[in-house]
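Coordinate inspection notes
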Amino acid sequence: MKRILPFIALITLFFGLQAQMPPRFIEAGLDLGLGASNNYFLLGDFFQETLVIDLDDIAANIGSGGYRLSANADARLLMNLKLKSKKRGDKIGLGLFSGLSQFALMSVPDSVFDLLSEGNLPDTTYSGDMGLRGDIFASIGLDASYARGPLSLSLSPSFYMPVVHIEKPTALYSLVTNSDGTASVMAQASIPLYSAVLLSQDMSMDAGQAIGAIFGSGGLDISLGGMYHLLPELSVGANFRNIPIAPARLTNRNMLNASFQLDMLGILSNVDTGNFYTMTNGYEFVSDQAPINVRRPFKMGAAAAYYPRALRWLTLDGKLELAIYDTVYADIGLRAKANLANIGLFVLSSAYEDMVWRNSANVGLNLRIVQMNLEIGSQSTDFFRALGWGGVYAGIGFRVGM
């Protein structure tokens, strides 16, 4: 017991001194995140001795949206400066950042699994459209914030550069069956992959040319936000993210075209010739110049934060945003944040962003000079699969300053 008491006293002293220390006024940091998911298989299924693929169960449970796969990755370097006026109480923040973000989403229509599980019926046409979306953006920009009294404002202009962009791809299939025994299968795909750098082998670029091409393709957007401390327990605000100012422009198009046609002929009527089917297929990858404008998803919405009177270390906040990209969808999010003496930081969150559900836990340790954050969670394009680890997300953050 005598050995434990000095240790407890030392920890108490450390926490007391830490609480009295001012926050970092200058810092540098790095954030990394990586995730992948699907809307049927759970993470535990891949650790079984045998992975069971039940086509009937897949067809019954994936829903009308089909089988969906998603992948995302983010990396961000930053440097922040925080200033405070002792006379007026103003708080000013300035920061520089650079980052790289990637997102991809692919869907296989449910009609494919209906066909595989139930078989084909005569005089019936099966068809569907496979969806595909993908982007890689690099960006550099400025973060600025101002707070005085109950009002806080943020401004973030950003120069963004699309490295890879998939523009309105099509991937169709159809199966037509006839009662006379004939059938026809068709599949066709046209995927335009735009890039800042040239991808074809006969149009090579060195590193300097590639970097110049990426910067030369860039566009400009700006994000705005504001919060107002309306009540002692409540703050409300609004956010506008990626407001387009000048679009990015890509000119290098790499078009993947593929087609397949299989016609099953009547068996009895072709016994003599032995020709029971005809098949044609083709594939080409063509690079050309076809300029397009590229914008990042524009989002606008409202936010609110609640501070329980009896639990000043706890914050409950949420957001609701409308996103406009190649389609219109909603982003929603809820968080519970616990700040223990500015040393232990704990966050539980559940959000639907860019058509993917994510439930995660974030643990941070702030030693003033150094701060570390670790986040891990489950994600999926399906809400219930996100609760059951239909995918995984992991992130890490690091800050150092004084």
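Residues numbered from 1 in each chain as written. Predicted model: local features only at pLDDT ≥ 70, side-chain atom pairs only at ≥ 80, totals over all residues. Heavy atoms only, no water.

1. Concerning the overall build of the protein chain
Looking only at helices and strands, one finds 5 helices and 19 strands in the protein chain. If you take every contact in the protein chain between residues at least 6 apart in sequence, the share linking residues at least 24 apart comes to 64%. (Helix = DSSP H or I, 4+ residues; strand = E, 2+ residues; numbered from the N terminus. Contact = heavy atoms within 4.5 Å.)

2. Side note on the packing of aromatic side chains
In this structure the tally under the stated criterion is 7 aromatic pairs. Pairing Tyr-352 with Trp-357 gives two aromatic rings, centres 4.8 Å apart and planes at 45°, and the pair type is tilted. Both residues of the pair, Tyr-352 and Trp-357, count as buried. Here Trp-357 and Phe-383 contribute two aromatic rings whose centre-to-centre distance is 4.9 Å and whose plane-to-plane angle is 70°, an arrangement assigned as edge-to-face. (Phe/Tyr/Trp six-rings, centres within 6.5 Å; stacked < 30°, edge-to-face > 60°. Buried < 20%, exposed > 50% of the residue type's maximum accessible area, 1.4 Å probe, protein only.)

3. What to know about the nonpolar core
Formed by 23 residues in total, the largest nonpolar core has its most connected members in Phe-137, Tyr-194, Leu-250, Ile-292, Val-294, Tyr-329 and Met-355. Among the secondary structure elements, those contributing two or more residues to this core are β3 (91-108), β5 (131-148), β6 (151-166), β11 (248-264), β12 (277-294) and β17 (356-366). When neighbours within four sequence positions are excluded, Ile-292 is seen to be in contact with His-165, Glu-167, Tyr-194, Ala-248, Arg-249 and Leu-250. The next biggest cluster of nonpolar side chains, apart from the first, holds 8 residues, and it includes Phe-41, Ala-59, Ile-62 and Val-108. (Core = buried A, V, L, I, M, F, W, Y, C linked by side-chain atoms within 4.5 Å.)

4. Remarks on the side chain of Asn-254
Tracing the chain through its elements places Asn-254 in strand β11. Using a relative accessible area of 2% as the deciding quantity, one classes Asn-254 as buried. Within the structure, the side chain of Asn-254 is placed 3.2 Å from the side chain of Ser-195, a separation counted as a polar contact. Engagement of the side chain of Asn-254 in a polar contact is seen with the side chain of Ser-287, the distance being 2.9 Å. (Polar contact = N/O pair within 3.5 Å; in protein donor to acceptor, adjacent residues only side chain to side chain.)

5. Some words on the pattern of salt bridges
The final tally for this structure, using the stated rule, is 13 salt bridges. For Glu-27, the salt bridge is made with Arg-24, and the minimal N-O distance between the two is 2.8 Å. We classify Arg-24 as buried; its relative accessible area is 8%. Across the pair Arg-241 and Glu-321 runs a salt bridge whose closest N-O atoms are separated by 2.7 Å. Of this pair, Arg-241 sits in strand β10 (residues 234-246) while Glu-321 is found in strand β14 (residues 314-324), placing the two residues 80 residues apart along the sequence. Looking at Arg-241, the relative accessible area reads 32%, which means it is partly exposed. (Salt bridge = Lys/Arg side-chain N within 4 Å of Asp/Glu carboxyl O.)

6. Thoughts on the side chain of Gln-379
Following the sequence through the fold, Gln-379 ends up in strand β18 (residues 370-380). For Gln-379, a relative accessible area of 0% gives the class buried. A polar atom in the side chain of Gln-379 sits 3.0 Å from the side chain of Asn-72.

7. A short note on the environment of Tyr-329
Along the chain, Tyr-329 turns up in strand β15 (residues 328-340). When its relative accessible area of 7% is taken as the criterion, Tyr-329 is described as buried. Separated by 25 residues in the primary sequence, Tyr-329 and Asp-354 place their C-alpha atoms 7.8 Å from one another. Sequence-distant contacts of Tyr-329, defined by excluding residues within four places in its chain, comprise Arg-133, Pro-297, Lys-299, Glu-321, Leu-322, Ala-323, Asp-354 and Met-355. Within polar-contact distance, the side chain of Tyr-329 engages the side chain of Asp-354 at 2.6 Å.

8. Describing unusual backbone geometry
Residue Lys-168 is not a glycine yet carries a positive backbone phi of 45°. Here Lys-168 lies in the loop between β6 and β7 (170-177). Residue class for Lys-168 comes out exposed when judged on its relative accessible area of 69%. At Trp-389, a position not held by glycine, the phi torsion is positive, near 65°. With respect to the helices and strands, Trp-389 occurs in the loop between α5 (383-387) and β19 (391-401).

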